[in-house]
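Secondary and tertiary structure notes
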Amino acid sequence: MTMHGVFVTIEGIEGAGKSTAVSCVAEWFTEHGYDVLCSREPGGTPVAEDIRRILLTSTEEELAEPAELLLMFAARAQHVARGIRPALEAGRVVVCDRFTDSTRAYQGAGRGIDSGVIESLAAYAEQGVRPDLTLLLDLPVEIGMARASARRGTSSKDRFEREAHAFFERIRAGFLRIAAADTARICLVDASAPIERVQAQIRAILDDRFETAR
Ligand SMILES: Nc1ncnc2c1ncn2[C@@H]1O[C@H](COP(=O)(O)OP(=O)(O)OP(=O)(O)O)[C@@H](O)[C@H]1O
Ligand SMILES: [Mg+2]
């Protein structure tokens, strides 16, 4: 079936400013007359949000690596089928906080899971739904960690936030490799800049991609 909407994903490490960027992108499209759906991964539908809870906060037993990967893709498959695809078919803009590039970076580069396994599961879960544009918010790991912990306040770290510094360095490098290999889809944003400068970069990318396309 043809899809008429626009699918934008926002990627980056913890505290990069993804949630802030989702609002900025949504605002741009709303101002330009589009109907926008903001979502996030893992999650985005009731079932996928149930899976998110297992992935981020389950502490009863240690989650096995293959189980983590398969749960990520189970959540994604549900989100695509019941959230993203219907919205795109209705002509809406979907702005999603994380998508498959996060799995490539966290479970692939971070945990060392084979990319062949990840890519075949990605194709199965996505069922042809791919981002039209991905914004990769890049910044040094220490800055992201400091922002995330300032935002978190006294609430406890999730399963990923408890990982060691080196894990996030592998993820940042992984994201940068993914972006370098797909420059047609992925735009790099310097997320270490102040919020207004990050937002200006994002708006310039959207102006360039979508302003004349209408
Ligand atoms: N460019 C920026 N400069 C300084 N602070 C920022 C910037 N962008 C966002 N912040 C602040 O840093 C914190 C983290 O930002 P945000 O929640 O958008 O990041 P995130 O990538 O969604 O984080 P998480 O991975 O933890 O969900 C927030 O308090 C936000 O206000
Ligand atoms: Mg966030």
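Let me begin by describing the structure that accompanies this report. (Residues numbered from 1 in each chain as written. Chains lettered and ligands numbered in written order. Predicted model: local features only at pLDDT ≥ 70, side-chain atom pairs only at ≥ 80, totals over all residues. Heavy atoms only, no water.)

1. Things to note about the site of ligand 1
The immediate surroundings of ligand 1 are formed by 15 residues, with Gly-17, Lys-18, Ser-19, Thr-20 and Ala-193 found nearest. Here an oxygen atom of ligand 1 and a side-chain polar atom of Lys-18 are 2.7 Å apart. Between ligand 1 and the protein, one listed contact pairs a nitrogen atom with a side-chain N or O atom of Arg-147 at 3.2 Å. Burial of ligand 1 by the protein amounts to 76% of the accessible area it has alone, namely 630 Å². Elements represented by at least two residues in the shell around ligand 1 include exactly helix 1 (18-31), helix 6 (141-152) and helix 8 (195-211). The class makeup of the residues in the shell around ligand 1 is 7 nonpolar, 4 polar and 4 charged. (Near = heavy atom within 4 Å. Polar contact = N/O pair within 3.5 Å; in protein donor to acceptor, adjacent residues only side chain to side chain. Areas by Shrake-Rupley, 256 points an atom, 1.4 Å probe, with all protein chains shown as cover. Helix = DSSP H or I, 4+ residues; strand = E, 2+ residues; numbered from the N terminus. Nonpolar A, V, L, I, M, F, W, Y, C, P; charged D, E, K, R; others polar.)

2. As for the pairing of strand 1 (residues 6-11)
Regular strands place side chains that alternate from one sheet face to the opposite one. The element strand 1 is extensively covered by neighbouring structure, given that 6 of its 6 residues are classed as buried. Pairing geometry for strand 1 and strand 3 (residues 93-97), over 5 bridges, is parallel. Considered in strand 3, the bridge of Ile-10 is made with Asp-97. Examined bridge by bridge, strand 1 and strand 4 (residues 133-138) share 4 bridges and lie parallel to one another. Its bridge partner being in strand 4, Thr-9 is matched across the sheet by Thr-134. (Buried < 20%, exposed > 50% of the residue type's maximum accessible area, 1.4 Å probe, protein only. Pairing = 2+ DSSP bridges.)

3. Some points on the sheet that holds strand 1
Taken in spatial order, the 5 strands make up an open sheet running 2-3-1-4-5, and their pairing is parallel. Looking at which strands have only one partner, the edges of the open sheet turn out to be strand 2 (36-40) and strand 5 (186-190). Between one strand axis and the next, the sheet turns by 20 degrees as a mean value, whatever way the strands run. Of the strand pairs in this sheet, strand 4 and strand 5 are connected by 5 bridges, and their pairing is parallel. Its bridge partner lying in strand 5, Asp-138 is registered against Asp-190. Against the sheet, helix 8 contacts strand 1, strand 4 and strand 5, and its axis sits at roughly 155 degrees relative to strand 5. (Axes fitted to C-alpha atoms, helices over the stretch in contact; angles between N-to-C directions. Contact = heavy atoms within 4.5 Å.)

So yeah, pure geometry; function would need other evidence.
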